[in-house]
Amino acid sequence: MSKRPRRARTAAPDAAAGARCTVTVCRGCCCGTLTKVPRLDHEAQLADLRTALAGVAMIRRTDCLDACERANVIVIQPSAEGRKVGGRPVWLGQVNDPGATADITTWVEEGGPGLAEPPDILDLYTFQPSRRVRHELED
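Residues numbered from 1 in each chain as written. Predicted model: local features only at pLDDT ≥ 70, side-chain atom pairs only at ≥ 80, totals over all residues. Heavy atoms only, no water.

A look at the overall build of the protein chain
Of the regular secondary structure elements, the protein chain holds 5 helices and 5 strands. Scanning the protein chain from its N terminus toward the C terminus, one meets helices and strands in the order α-β-α-β-β-α-β-α-β-α. The 139 residues of the protein chain split such that 41% are buried. Long-range pairs, those at least 24 residues apart, make up 70% of the contacts in the protein chain with a sequence separation of at least 6. Total accessible area on the protein chain is roughly 8000 Å²; 50% of this is exposed by carbon and sulfur atoms. (Helix = DSSP H or I, 4+ residues; strand = E, 2+ residues; numbered from the N terminus. Buried < 20%, exposed > 50% of the residue type's maximum accessible area, 1.4 Å probe, protein only. Contact = heavy atoms within 4.5 Å. Areas by Shrake-Rupley, 256 points an atom, 1.4 Å probe, with all protein chains shown as cover.)

Focus on the sheet that holds strand 3 (residues 74–77)
One open sheet accounts for 5 strands, arranged 2-1-3-4-5; its pairing is mixed. Edge strands, defined here as strands with exactly one partner in the open sheet, are strand 2 (57–62) and strand 5 (126–127). As paired strands, strand 1 (residues 21–26) and strand 2 are joined by 6 bridges and run parallel to one another. What sits directly across from Val25, in strand 2, is Arg61. This element, helix 4 (residues 98–109), spans strand 1, strand 2, strand 3 and strand 4 (90–92) of the sheet and lies at about 10° to strand 3. (Pairing = 2+ DSSP bridges. Axes fitted to C-alpha atoms, helices over the stretch in contact; angles between N-to-C directions.)

Digging into the confidence of the model for the protein chain
Residues with a pLDDT of 70 or more make up 82% of the protein chain, whose mean pLDDT is 85. Scored below 50 in pLDDT, residues 1–15 makes 8 contacts in the model with residues more than four places away or belonging to other chains. (pLDDT = per-residue confidence, 0-100.)

Considerations on the pairing of strand 1
Two faces make up the sheet, and in a regular strand the side chains alternate between them. Counting buried positions along strand 1 yields 6 of 6 residues, so the element is predominantly enclosed. Regarding topology, helix 2 (residues 42–52) serves as the crossover connection from strand 1 to the parallel strand 2, and that connection is right-handed. Summarising the sheet, strand 1 and strand 3 pair through 4 bridges and their orientation is antiparallel. In the strand pairing of strand 3, Val23 is matched with Ile76. (Right-handed = clockwise from strand over helix to strand, strands pointing away.)

Some points on the state of the cysteines
Applying the stated criterion across every chain yields a total of 0 disulfides. Not engaged in a disulfide, the cysteine Cys26 finds its nearest cysteine sulfur in Cys31; these two sulfurs lie 3.6 Å apart. (Disulfide = S-S within 2.5 Å.)

Looking at helix 4
Here helix 4 contains 12 residues, and its C-alpha end-to-end distance of 16 Å stays within 8% of the 16 Å for a straight helix at 1.5 Å per residue. Contacts made by the buried residues of helix 4 are with strand 1, helix 2, strand 2, strand 3 and strand 4. Backbone nitrogen of Gly99 and a side-chain oxygen of the N-cap are separated by 3.0 Å at the start of helix 4; the cap is Asp97. Positive phi shows up at Gly111, right after helix 4, with a value of about 130°. (Expected span 1.5 Å × (residues − 1). Polar contact = N/O pair within 3.5 Å; in protein donor to acceptor, adjacent residues only side chain to side chain.)

See below:
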């Protein structure tokens, strides 16, 4: 029995989703747990992103992005338009306060990677994961 390609299983349900940024929120073994990050309402953070970016970006929840030392991890992938002009996924770690979540929301609303400059404060959260981890997310 053959398997469908992975892309076919994870494709967005509507064509407009491909024109939007994708915000991937890690909620695995460390990210999203009170054990690792005790003073954050993790479900509220995810709900706030979904509410604020409804119709603007696709929000995905994933089990583990394998960057546990940087919990909570959020990856902003550019829209198709953003990618055409050179935008690449931006990995943000230690996103553990509402202010950081608000800064991410504002940036994505303005267009995200490739289309808008991120707020300077997000430089404090940006990191480069291993090549293996990046490829797993992009595939």
